[in-house]
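Below, each chain spelled out in residue letters.
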Amino acid sequence: MSLCLLLLFAGSPIAAATRPLDVADQGAPVFQVFGAKEGLSDEIWSAVGFDQQGFVWAGSASGLARFDGYRFTPYEWPEARSLVRDMAHDADGLLWAIFEREGLASYRDGQWRLSGNRSFSQRFSPIDPLGEARQLFVAQADLNMRVEQGVWVPAEPGSSSLPGDQIKLTRTSTLYGEARWWSGRSDGSLWFQRVDGEPLWQAFDLSAYSTSQITDLLRTEHRGREELWILTYGGGLLRLRDDGVRVWRAARGELPSEAIYSAVATHDAEGERTLWLASRGGLIRLQAEQTRAFDRRHGLPSNAIRGIKARRSIDGEDTLWLATEGGLARARISASPWQIVSLIGASENGVFGLLLEPDDHGGERLWVGSAKEGLAMLHEGQWQYFSAARGNFPDAAVRGIWRMEGLDGEPLRLIGLVDRDPLRIEGAASFSRFETPWPKQNGNALTSVLSRTVAGERELWMGTLRSGVYRQDQSGWHKLELSQQPRAWAAFSLTEQIDSSGRSWIWLATDLGLARFDGERLQLLHALPDLPKGGFRSITLMPDQHGRAELWASSHRNGVVRLDVSSPDRPRVLTDDRLPAAPDPTVYSVLRDSQGRIYVCTNNGVQKLVRDANGGYRQTVFRRRDGLVHDECNSNGQLIDAHDRYWVGTLAGLSLYDPALQPEAETLQPKPLILTRLLVDGLEQLTRRSELLIPAGSRDLRFEFVLLSDQRESETRYRSRLLPDDPAFGDWSSLPGRSFGRLAPGDYLLEIEAMDYGQTLGQPLSIAFRVAPQWWEQRWVQASGLLALVCLAAIFGLAYHRQLRRRQRELLQLIQDRTAELNQANARLTELSYLDPLTQLANRRRLMEALEKALQYGRSEQKSIGLILIDIDHFKDYNDHHGHLAGDTALRAVAQALNSAKRARDLVARYGGEEFVCLLEDSDAQLVDQVARRMHQRVAELSPRSLGNNQHGASISLGFVCRIPRPGDRAETLLQDADLALYEAKHRGRNQIVAHHDLSISASS
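Residues numbered from 1 in each chain as written. Predicted model: local features only at pLDDT ≥ 70, side-chain atom pairs only at ≥ 80, totals over all residues. Heavy atoms only, no water.

Caption draft 1: Region of the structure containing helix α7 (residues 971-987). The end-to-end C-alpha distance of α7, which contains 17 residues, comes to 24 Å, matching closely the 24 Å that a straight helix rising 1.5 Å per residue would cover. Here α7 lies mainly inside the structure; 13 of its 17 residues are buried. Once α7 ends, the next one or two residues include G989, with phi positive near 115°. (Helix = DSSP H or I, 4+ residues; strand = E, 2+ residues; numbered from the N terminus. Expected span 1.5 Å × (residues − 1). Buried < 20%, exposed > 50% of the residue type's maximum accessible area, 1.4 Å probe, protein only.)

Structure below.
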């Protein structure tokens, strides 16, 4: 293999000597959201706390729920059904809660109990003096109460003489040169009392600030300096320090809201303090005097955050828990491999261009393009924006950003725009027009660029969305004609390969399939065996484990396709069962870093592939829960930089994955493994007794357990063995439980092991229990029974032969009855395997079988087959705006409308996501067009309420094909032709019908 090919595999647009672009301050925390699907009720969630074992509890407007690492379980407690205002633990680890009406309650020995103290309280005041045990206070009426050994007692300092109700009590040690108690009041006043002086409260002068109602006080330390934070509802955020008072206000753009509920502080390894505030405008982060807000756009379930708590895991990582008005959220705020860099384009189809380039100072500059919001550039921590609204950028969608060597040998940076000439980036941040010859209409745009040298001369290849490929050299522009070109076509991706003889080949990913330029002719690879029909989005050249050249192609509908191109004139499709399927058949890009990690960006997350010792691949799939801003990638939106960081442009913004920040197994500590529940015949049993006794005759026994890893619980694996029955542990499994049927009486030991996401073994768990015998299983009863059996054996032997024949007849009848029942059950299972569970339409499997039969019938009888491919317009935006429950309702409503528009003999099936297919046998083009128009009209007539919302209706785009099957036609062929028609309907503006026949006429004319 030539040096040129090796360089192509390892190439990067940035020299490795550059400093990596620092985006630490740009990223949002990775939020994992918990809602109805995870067991939470649909109500306001207001408080969070942690019990002695480490479980998370959440308080709502009407009760409590516990998180077991996988889902929340409501705690059924009729005695307390009001709003939970706050939760906190005392010095002994006992968890306390404040209920609006029922007062104080504690959780101990697996049960919540009311303390009997029903006086109203706003919130707890935990005091954590340096080197001393925690003190937990609460203000009630005119008293401050402190918990001592589980009992609340009156405590100093009292505050009965102060105006308003006390909201929060705290203590500082060195602020203003002395130790002080501080009391924040509901009337907005702040009072202090010297710890070592007279018990006299004095007002702290806040007259220069409009403090409104104080909601919380928080003491922190930053760089050895003590601070007191004052949170208000309507008056902003205040900080007291020896050097003065600092205020943050919404009117100055420093806060998204001045309705602030509570706050916590975390510290990094260098001791730098970060303040996190729960507000009605989202989660606010304050670092180095600067604030940044995170809200629903960043993945939170609601902008209104009512409660916040932080805790440090056994691995030393800080985790935030947020109680919001839309559910719970968890955020790991230590260094994470994933982070959100930008939300540009989130309102309109996201990121469609990405360029990371060196600046002139040893650093890097990032360019991000979007479909509707223009262009953004990040340099030295500052964003610069370019858009039509700002007057510094054309009113056009960006389709890609590239940097390559121009015809003059100098770096050339281009921005592809829809229906316009590309822009050349000049200098640091100015633009000029780059003239090109292709038509600027019907959504045409530059989609791919390749710079190469042929016979010592530099030339540029440019792919477009509507006009194929053009080449520019010193003599001018040249349009390349594609053999078997049926119509206008798109070239999405270009890459060059230099073979072992030094010959240059160019590979293309087009909407018609893969194509190759051999130096003389550009042709499609339609005749290549095993190559799927349909379009491709991108291609990447990379070596296999033996150094042979492979082409990895990202397809529209068929996932990743690999070709052996070690001999480019004889490419061969590779079929390898060891390559895991992509998370979704729509793939946008495949990229490989310098360590051999491969990233596959799809419509449903990012797949990371790492080769194993057997020549196969281990896969990890990343989605929103891991830090992706959105699960759906975009074209021209991914790159791997010189530092092996993976940048991902998606439908809702830009994310970054840094594998260097993935925690190594040796840095992780063993986590506690805890028995969460014991079920005996479906009834829960107490598990805190020293000896577990299982009642005699129990038929079903289930142990449930969890490894408290505080993150990525779905990656935890468990195994167990039951002694003395199991000589060895079973296989590792993701199931956090073990069930047994009826066990013989005796003593048992259940040993459980767990392994966390980093493959670190947790603390082992051993559960000893005894199964009690039935009365007849006791030894004296068994001895007596044995003697009686000997006597009865002779009597029963005589009766046995007479009963044998009768039993044989009954058994034969039973077999016949069971066989009939089994046949009925199998028929029902077959029926269910053909149904889509959400819409109750036929599923993809049923469609493909019916389509193959229709092809056979149409071919033998020379009858036309009609196929309509339907796509709900802007459905992903609908889902993001109204939520997935409304999306499911809309899918069901559209499915019913489509089904009502067909003939009785036709088949409507859900093809996948928001796509449906209608199969019409023995039909002509006029009939298929009529059915398509009925479908279009009936979906348009659906009311917003029937679609799951109160405002927005729905529209659909339809593409259809109708013809007598041709030789070589397969199900995929008809689907591809219908898909081409649907693709055209979308490009014409959606909400319309296009026939494949019309495309053929247009292409021929």
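On we go.
Caption draft 2: Structural view of the sheet that holds strand β55 (residues 646-650). An order of β29-β56-β55-β54 is seen for the 4 strands of this open sheet, with the pairing classed as antiparallel. Each edge of the open sheet carries a strand with a single partner, namely β29 (338-342) and β54 (633-640). Each strand axis lies, on average, 25° off the axis of its neighbour in the sheet, ignoring direction. With 5 bridges connecting them, β55 and strand β56 (residues 653-657) associate as antiparallel partners. Directly across from V648, in β56, lies its bridge partner S655. (Pairing = 2+ DSSP bridges. Axes fitted to C-alpha atoms, helices over the stretch in contact; angles between N-to-C directions.)

Caption draft 3: Looking closely at helix α4 (residues 875-882). Within the span of α4, buried status applies to F875, Y878 and N879. All buried residues of α4 project into a common sector of 100° when viewed along the axis, lining one side. G883 lies just past α4 and shows a positive phi near 95°. (Arc of directions from axis to C-beta.)

Caption draft 4: Just the environment of L723, in detail. Position of L723 among the secondary structure elements: in strand β61 (residues 717-723). When the C-alpha positions of L723 and R219 are compared, they lie 52 Å apart, and in sequence the two are 504 residues distant. Excluding residues that lie within four positions of it along the chain, L723 makes contacts with D747, Y748, L749 and E751. (Contact = heavy atoms within 4.5 Å.)

Caption draft 5: Structural detail: the state of the cysteines. The tally for this structure, following the rule as stated, stands at 1 disulfide. C601 shares a disulfide with C633; S-S distance 1.9 Å. Its S-S torsion of approximately -75° makes the covalent link between C601 and C633 left-handed. Of this pair, C601 sits in strand β51 (residues 598-602) while C633 sits in strand β54, and the two are 32 residues apart along the sequence. (Disulfide = S-S within 2.5 Å.)

Caption draft 6: Region of the structure containing the packing of aromatic side chains. Tallying each qualifying case throughout the model produces 42 aromatic pairs. Plain terms: the ring middles of W96 and W152 are 5.3 Å apart, the flat faces sit at 80° to each other, and that makes the pair edge-to-face. Of this pair, W96 sits in strand β7 (residues 95-99) while W152 sits in strand β13 (residues 151-155), and the two are 56 residues apart along the sequence. The two residues W96 and W152 agree in class, both being buried. Taken together, a centroid distance of 6.2 Å and an interplanar angle of 75° make the contact between F703 and F740 edge-to-face. Residue F703 is located in strand β60 (residues 701-707), and its partner F740 is located in strand β62 (residues 737-740); the two are separated by 37 residues in the primary sequence. Given a relative accessible area of 0%, F703 falls into the buried group. On the basis of relative accessibility, which here comes to 8%, the residue F740 falls in the buried class. Clustering of aromatic rings is evident, with ring pairs tying together W57, Y75, W77, F99, Y107 and W112. (Phe/Tyr/Trp six-rings, centres within 6.5 Å; stacked < 30°, edge-to-face > 60°.)

Caption draft 7: Inspection of the side chain of Q711 at higher detail. Position of Q711 among the secondary structure elements: in the loop between β60 and β61. Q711 gets classed as buried once you look at its relative accessible area, which sits at 10%. Polar contacts involving the side chain of Q711 include one to the side chain of Y757, which spans 3.0 Å. Look past the residues within four positions of Q711 in its chain and what remains in contact with it is E317, R330, R332 and Y757. (Polar contact = N/O pair within 3.5 Å; in protein donor to acceptor, adjacent residues only side chain to side chain.)

Caption draft 8: Local environment of the pattern of salt bridges. Per the counting criterion, the structure on display carries 68 salt bridges. Two residues, D644 and R597, come together in a salt bridge whose shortest N-O distance is 3.9 Å. Of this pair, D644 sits in the loop between β54 and β55 while R597 sits in the loop between β50 (587-592) and β51, and the two are 47 residues apart along the sequence. Comparing D644 with R597, the two get one shared label, buried. We note a salt bridge from R910 to D836, for which the minimum N-O separation is 3.3 Å. With a gap of 74 residues between them, R910 in strand β66 (residues 907-912) and D836 in the loop between α2 (779-833) and α3 (844-861) connect regions that are remote in the sequence. Residue D836 is classed as buried on the basis of its relative accessible area, which comes to 10%. One continuous salt-bridge network, built from bridges that share partners, spans R225, E227, R241, D243 and R273. (Salt bridge = Lys/Arg side-chain N within 4 Å of Asp/Glu carboxyl O.)

Caption draft 9: Fine view of the sheet that holds strand β11 (residues 135-140). Taken together, the 4 strands give an open sheet; going across it, the order is β10-β11-β12-β13, and neighbouring strands pair in antiparallel fashion. Strand pairing shows two members of the sheet lacking a second neighbour, β10 (124-127) and β13, which therefore form its edges. With strand direction ignored, the average angle separating the axes of adjacent strands in the sheet is 35°. Strand direction decides the pairing type here: strand β12 (residues 143-148) and β13, joined by 5 bridges, are antiparallel. By the bridge assignment for β13, N144 is matched with A155.

Caption draft 10: Main features of unusual backbone geometry. Note the cis peptide between E156 and P157, where omega equals 5°. Structurally, the position occupied by P157 is in the loop between β13 and β14 (166-172). Backbone torsion omega between L723 and P724 reads 15°, so that peptide bond is classified as cis. Within the secondary structure layout, P724 lies in the loop between β61 and β62. The backbone of N442 shows a phi angle near 55°, a positive value even though the residue is not glycine. Assignment of secondary structure puts N442 in the loop between β37 (430-433) and β38 (446-454). Unusually for a residue other than glycine, Q840 sits at a positive phi of about 65°. Considering the arrangement of structural elements, one finds Q840 in the loop between α2 and α3.

Caption draft 11: Seen up close, the nonpolar core. Judged by nonpolar contacts, the single largest core of 39 residues is most densely connected at M87, W112, L701, F703 and F769. Those residues in contact with F769, other than ones at most four positions away along the chain, are L692, I694, L701, F703, L722, L743, G746, D747, Y748 and L750. Ranked by size, the runner-up nonpolar core spans 34 residues in total, among them A890, C918, V931 and I956. (Core = buried A, V, L, I, M, F, W, Y, C linked by side-chain atoms within 4.5 Å.)

Caption draft 12: Broad picture of the environment of P437. In this fold, P437 is placed in the loop between β37 and β38. Put simply, P437 and Y470 are 33 residues apart on the chain and 8.4 Å apart in space, counted from C-alpha to C-alpha. The contacts of P437, once residues within four sequence positions are left out, are Y470 and W477.

Caption draft 13: Highlighting the packing of helix α5 (residues 884-901) against helix α6 (residues 925-940). α6 packs onto α5 with a crossing angle of 145° between their chain directions and a minimal axis gap of 8 Å. The chirality of how α5 crosses α6 is right-handed. Of α6, the residues touching α5 (which contributes V894, A897, L898, S900 and A901) are V931, R934, M935, R938 and V939. (Left-handed = near helix turned anticlockwise from the far one by under 90°.)

Caption draft 14: Main features of the side chain of S538. By secondary structure assignment, the location of S538 is in strand β46 (residues 536-543). Taking relative accessible area as the criterion, S538 reaches 10% and is therefore assigned buried. A polar side-chain atom of S538 sits 3.0 Å from the main-chain carbonyl oxygen of Y588. The contact partners of S538, leaving out residues within four places of it in the chain, are S493, A509, W552, A553, S554, Y588, S589 and V590.

Caption draft 15: Structural detail: the pairing of strand β27 (residues 318-324). Burial analysis of β27 places 7 of its 7 residues in the buried class, the great majority of the element. Because side chains alternate across β27, one face comprises the buried residues D318, L320, L322 and T324, and the other comprises T319, W321 and A323, equally buried. Here strand β26 (residues 305-312) runs beside β27; their pairing, made up of 7 bridges, is antiparallel. Among the inter-strand pairings, A310 is bridged to a residue of β27, identified as L320. The antiparallel hairpin formed by β26 and β27 contains 5 residues in its connecting segment, where G316 sits at a positive phi of about 85°.

That is the geometry; function is a separate question.
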